[in-house]
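In case you want the letters, here they are:
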Amino acid sequence: MGRSRRTLPEELLLLALDPATGTTAQPQSLDLGLAGAQLVELALAGRIAPDGDRIAVVVPRPTGDPTLDSALELLRRRGAPVRAVHWIGGPRLGLRQTYLSHLERCGMVAAVPGQMCGVLPTTRYQATDTAISREIRARLDSAIRTGVPPDPRTAALAALAHAVGLGKHLYPGNEGRSSRSRLRDLIRHDPMGGLVAHAVMDVQNGAAAQPRRGSASGGRQAASGARAAAEPARGVPMQPHRGPMARAVAH
């Protein structure tokens, strides 16, 4: 997989970055979304495929992206298809910080040390090329505004953005209500993105331990009404600054 194309986890994280505060919106649910975005990216790369509500490795060959390949190897070691909700709900220690550090190494964000209350060291992250974030946002805006079915990558990004609660961050207030609704509706345009997004919402709703009955789509439809109205709580304060090595593993 060439590095000329940004991966879905990278795009989701850039969408979540608040340019005013240098922090990420919805930090808890964002970790789940990043794990889900890895699955979609691996599916787009032809390495995994949905099997009902489970994920099966179909081509174990590495992609060339170390973080994605680590996820692919963990899936391969399972030896059998794993339920998406179990995978996404598993331990994801430091995944968000891993991707922040990765974006920093790639030059897409810059870490800015600071202090909270004049005492606690913190780190803010500022996009170094705002054109990238604008291009990602423009794809979502276009899909929402035009109603034209988006490409699978954009549809999956929209589904994940909705699943982790970025709707209110991207389209705030009463004036953004219709855009948030259309963002949610884009979930239907990519089956893999929809499967993963619903798994992210299931984990947040505490449904990870309960197996679905019937088909994956039938289970999703039964719970879609409650999930569509649910949006996670707002973000938390920025993370403490612990130096370059610690940032790579911090949660």
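Above this note sits the structure.
Residues numbered from 1 in each chain as written. Predicted model: local features only at pLDDT ≥ 70, side-chain atom pairs only at ≥ 80, totals over all residues. Heavy atoms only, no water.

Helix and strand counts for the protein chain stand at 12 helices and 5 strands. The buried share among the 251 residues of the protein chain stands at 48%. Across the protein chain, the fraction of contacts at a sequence separation of at least 24, relative to all contacts at a separation of at least 6, is 69%. (Helix = DSSP H or I, 4+ residues; strand = E, 2+ residues; numbered from the N terminus. Buried < 20%, exposed > 50% of the residue type's maximum accessible area, 1.4 Å probe, protein only. Contact = heavy atoms within 4.5 Å.)

With that settled, consider the packing of helix α2 (residues 27-44) against helix α7 (residues 152-163). Following both chains from N to C, one finds α2 and α7 inclined at 165°, their axes separated by 10 Å at the closest point. As judged from the angle between their axes, α2 and α7 are roughly antiparallel. Relative to α7, the crossing made by α2 is right-handed. Along its contact with α2, which presents Gly 33, Gly 36, Ala 37, Val 40, Glu 41 and Leu 44, the element α7 presents Pro 152, Arg 153, Ala 156 and Leu 160. (Axes fitted to C-alpha atoms, helices over the stretch in contact; angles between N-to-C directions. Parallel < 35°, antiparallel > 145°, perpendicular 65-115°, else oblique. Left-handed = near helix turned anticlockwise from the far one by under 90°.)

Quick look at the pattern of salt bridges now. Taken as a whole and judged by the stated rule, the model has 11 salt bridges. Between Glu 135 and Arg 6 there is a salt bridge whose closest N-O contact spans 2.5 Å. Note that Glu 135 is positioned in helix α6 (residues 130-146) and Arg 6 in the segment before α1 (8-16), a separation of 129 residues in sequence. Residue Glu 135 is classed as partly exposed on the basis of its relative accessible area of 32%. A salt bridge links Glu 135 to Arg 139; the shortest N-O distance between them is 3.9 Å. Taken together, the residues span about one helical turn, with Glu 135 and Arg 139 both in helix α6 at a distance of 4 residues. Salt bridges here are not isolated pairs; linked through shared partners, they connect Arg 6, Glu 11, Glu 135 and Arg 139. (Salt bridge = Lys/Arg side-chain N within 4 Å of Asp/Glu carboxyl O.)

Once that is clear, we can look at unusual backbone geometry. Even without a glycine there, the phi angle at Gln 26 is positive, about 50°. Secondary-structure assignment places Gln 26 in the loop between α1 and α2. Given the relative accessible area of 8%, Gln 26 is considered buried.

Moving on, we get to the nonpolar core. Ranked by size, the top nonpolar core spans 61 residues in total, and within it Leu 39, Ile 88 and Leu 166 carry the most contacts. Secondary-structure elements contributing two or more residues to this core are α1, α2, α3 (66-78), α4 (84-88), α5 (95-105), α6, α7 and α10 (191-204). When sequence neighbours within four positions are dropped, the list of residues in contact with Leu 166 reads Leu 12, Leu 15, Ala 16, Ala 25, Gln 26 and Ala 161. (Core = buried A, V, L, I, M, F, W, Y, C linked by side-chain atoms within 4.5 Å.)

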